[in-house]
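Below are the chains, spelled out letter by letter.
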Amino acid sequence: MTPALRITGLHFAYPDGREALRGVDLTLAPGERVALLGPNGAGKTTLVLHLNGILHGGAGQVEISGMPVTPGDRKAITEIRRRVGVVFQDPDDQLFMPTVAEDVAFGPANLGVRGDELAARVDEALAAVGMSEHRDHVPHHLSFGQRRRVAVATVLAMRPEILVLDEPSSNLDPASRRELAEIIESLPVTVLMVTHDLPYALELCPRSVILDAGRIVADGPTATLLTDRELMAGHRLELPFGFDPASVPHRH
Ligand SMILES: Nc1ncnc2c1ncn2[C@@H]1O[C@H](COP(=O)(O)OP(=O)(O)OP(=O)(O)O)[C@@H](O)[C@H]1O
């Protein structure tokens, strides 16, 4: 089966010479949910920005469902950006229209989707995140948790093949955090979740990858990695005080 994501030999240095990625290989099967873990400065954001061609120019290759990310080719990049939906940490970076429904329609409308098809996509995406009754509301009047859900819907309306979630649980209260977990769990897409919230990774992602200093240093079952004390300490990863990995309900 063609992998949803295949990264081979990815290297990248910023213009100031800082090497942020130093040979990353990563393959995700369709439908997998994988957490991308690692300390501050590990290269997680740099990696994510390569998935839809925002960053490029180093060595190596990224393929989304068999299609290479070729930054010079505008048509290819448009298709790649449809296939890879990135939900950034701050929902306010993604919401800028007068109503929730218009924000959700924006992406597919930009791709030329119109009429009933567009309306169906908006309905479907809002239903998927439990925000249908807020469709005519002003995004900036919603709570933070609701805005994050709408940000997820704006990406789902593009019918992506991979959903990339950057710190999805940050700034959410416990109920909103749990509700978002239920939503993520219900989505029939490949998910790559960047997070410092290790219990969330354990709850949602059967597999985790640890990135440190631009290299993947571990890749395996989340429960196995999080209970390997030496591995965790060696890469500045810490479970919350008193947290027992065995106590987490696994949504997989
Ligand atoms: N625009 C930039 N110019 C130069 N160096 C950068 C730039 N952005 C990031 N870096 C450097 O690249 C390395 C990787 O940063 P990156 O933001 O990808 O890490 P991260 O794992 O996402 O960290 P965090 O958990 O703090 O979000 C770091 O050393 C960082 O200082």
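Everything numeric in this text was worked out from a predicted model, so none of it was measured.

What counts, and where the lines are drawn
- Along every chain, residues carry numbers that run from 1 in the direction the sequence is written.
- Per-residue local features of the predicted model are confined to residues with pLDDT of at least 70, and side-chain atom pairs are confined, for both listing and counting, to 80 or more; whole-chain, interface and lining totals are unaffected and use all residues.
- A run of H or I in DSSP becomes a helix once it reaches four residues, and a run of E becomes a strand once it reaches two; helices and strands are each numbered from the N terminus.
- Each radius of gyration is computed over the set of C-alpha atoms, and the globule rule expresses the reference value as 2.2 Å times the number of residues to the power 0.38.
- Three exposure classes are used, based on other C-beta atoms lying within 10 Å of a residue's own C-beta, which is placed from the backbone: buried for 20 or more, exposed for 12 or fewer, and partly exposed in between.
- Once C-beta atoms are placed from the backbone, any two residues with those atoms within 7 Å are in contact.
- UniProt positions are given in the numbering used here, feature names are shortened, and annotations may be inferred rather than shown by experiment.
- Each residue receives a C-beta atom placed from its backbone. It is near a molecule or strand if this atom lies within 6 Å of it.
- Gly falls in the polar group here, along with every residue not listed as nonpolar (Ala, Val, Leu, Ile, Met, Phe, Trp, Tyr, Cys, Pro) or charged (Asp, Glu, Lys, Arg).
- DSSP calls a pair of strands paired once it identifies at least 2 bridges connecting them.
- Orientation is described by lines fitted to C-alpha atoms, with helices fitted over the stretch in contact, and by angles between N-to-C directions that extend from 0 to 180 degrees.
- Among buried residues, those of type Ala, Val, Leu, Ile, Met, Phe, Trp, Tyr and Cys that are joined through C-beta atoms within 7 Å form a set called a nonpolar core.
- Crossings are classed by handedness, with left-handed meaning an anticlockwise turn of the near helix from the far one by less than a right angle and right-handed meaning a clockwise turn.

Trainee: I'm lost on the overall build of the chain in this one. Help?
Mentor: Looking only at helices and strands, the chain has 9 helices and 10 strands in total. Computed over the C-alpha atoms, the radius of gyration of the chain is 18 Å, within 12% of the 18 Å expected from 2.2 N^0.38 for a compact globule of 252 residues. Principal-axis analysis of the C-alpha atoms gives the chain an extent of 55 × 45 × 40 Å. Counting over 252 residues, the chain shows a buried share of 39%. Restricting to contacts in the chain with at least 6 residues of sequence separation, those with at least 24 account for 68%.

Trainee: How do you make sense of the UniProt feature "domain: ABC transporter" (unreviewed entry) in the chain when you look at a structure like this?
Mentor: With numbering aligned to this structure, UniProt lists the feature "domain: ABC transporter" (unreviewed entry) at residues 5-238. Segment residues 5-238 splits into 37% helix and 24% strand. End C-alpha atoms: 28 Å apart.

Trainee: How do you make sense of the site of the ligand when you look at a structure like this?
Mentor: Close to the ligand lie Tyr-14, Asp-16, Arg-18, Ala-20, Gly-38, Asn-40, Gly-41, Ala-42, Gly-43, Lys-44, Thr-45 and Thr-46, which account for all nearby residues. In terms of residue class, the shell around the ligand is built from 3 nonpolar, 6 polar and 3 charged.

Trainee: Just to check I follow, could you spell out the sheet that holds strand β4 (residues 61-64) for this structure?
Mentor: Neighbouring strands of a sheet are bound in pairs by backbone hydrogen bonds; such pairs are parallel or else antiparallel. Reading across the sheet, the 4 strands line up as β2-β1-β4-β5 and stay open at both edges, with antiparallel pairing between neighbours. In this open sheet, the two strands that pair with only one neighbour each are β2 (19-28) and β5 (67-68). In this sheet, β2 lies alongside strand β1 (residues 5-13) in antiparallel orientation, the contact comprising 7 bridges. Counted as the bridge partner of Phe-12 is Leu-21 from β2. Against the sheet, helix α1 (residues 44-51) touches β1, β2 and β4, its axis set at about 60 degrees to β2.

Trainee: Whenever I open this one, the nonpolar core confuses me. Can you help?
Mentor: The nonpolar side chains of a soluble globular protein tend to be buried with one another. Counting 66 residues, the largest nonpolar core has Leu-36, Val-104, Ala-153, Val-164, Met-193 and Ala-201 as the members making the most contacts within it. If you tally residues by element for this core, the top one is helix α5 (residues 144-156), at 6 residues. Here Ala-153 is in contact with Val-104, Ala-125, Leu-126, Ala-128, Val-129 and Met-131, once residues within four sequence places are set aside.

Trainee: Help me understand unusual backbone geometry in this model?
Mentor: Glycine aside, negative phi is the norm for most residues, and most peptide bonds take the trans geometry. One non-glycine residue, Ala-213, adopts positive backbone phi at about 50 degrees. As for its position among the elements, Ala-213 is in the loop between β9 (207-212) and β10 (215-221). Its 15 C-beta neighbours within 10 Å are what place Ala-213 among the partly exposed residues. Even without a glycine there, the phi angle at Arg-236 is positive, about 55 degrees. In this fold, Arg-236 is placed in the segment after α9 (229-234). Residue classification places Arg-236 among the exposed residues on the basis of 12 C-beta atoms within 10 Å.

Trainee: Is there a simple way to think about the sheet that holds strand β8 (residues 190-194) in this case?
Mentor: Taken in spatial order, the 6 strands make up an open sheet running β6-β7-β8-β3-β9-β10, and their pairing is mixed. Looking at strand neighbours, the two that pair on one side only are β6 (84-87) and β10, the edges of this open sheet. For this sheet, the mean angle separating the axes of adjacent strands, direction not counted, is 20 degrees. Pairing between strand β7 (residues 162-166) and β8: 5 bridges, direction parallel. Bridge pairing in β8 links Leu-165 to Met-193.

Trainee: Before we go on, may I ask you to explain the packing of helix α3 (residues 100-110) against α5 in this structure?
Mentor: Helix packing geometry: the angle between the two helix axes and the distance between the axes. Across the interface, α3 lies against α5 with an axial gap of 7 Å and an inter-helix angle of 35 degrees. Helix-helix and strand crossings are classified by hand; for α3 and α5 the assignment is right-handed. Touching Val-100, Asp-103, Val-104, Phe-106 and Gly-107 of α3 are Val-150, Ala-153 and Thr-154, all from α5. Each residue belonging to the contact of α3 with α5 can be placed in one class, and the counts come to 5 nonpolar, 2 polar and 1 charged.

Trainee: Whenever I open this one, the pairing of β1 confuses me. Can you help?
Mentor: Consecutive side chains of a regular strand alternate in pointing toward one face of the sheet and then the other. Turn length for the β1-β2 hairpin, with the two strands adjacent in sequence and antiparallel, is 5 residues, and the turn residue Gly-17 shows positive phi of about 95 degrees. In this sheet, β4 lies alongside β1 in antiparallel orientation, the contact comprising 4 bridges. Across the sheet, residue Thr-8 finds its bridge partner in β4, namely Gln-61.

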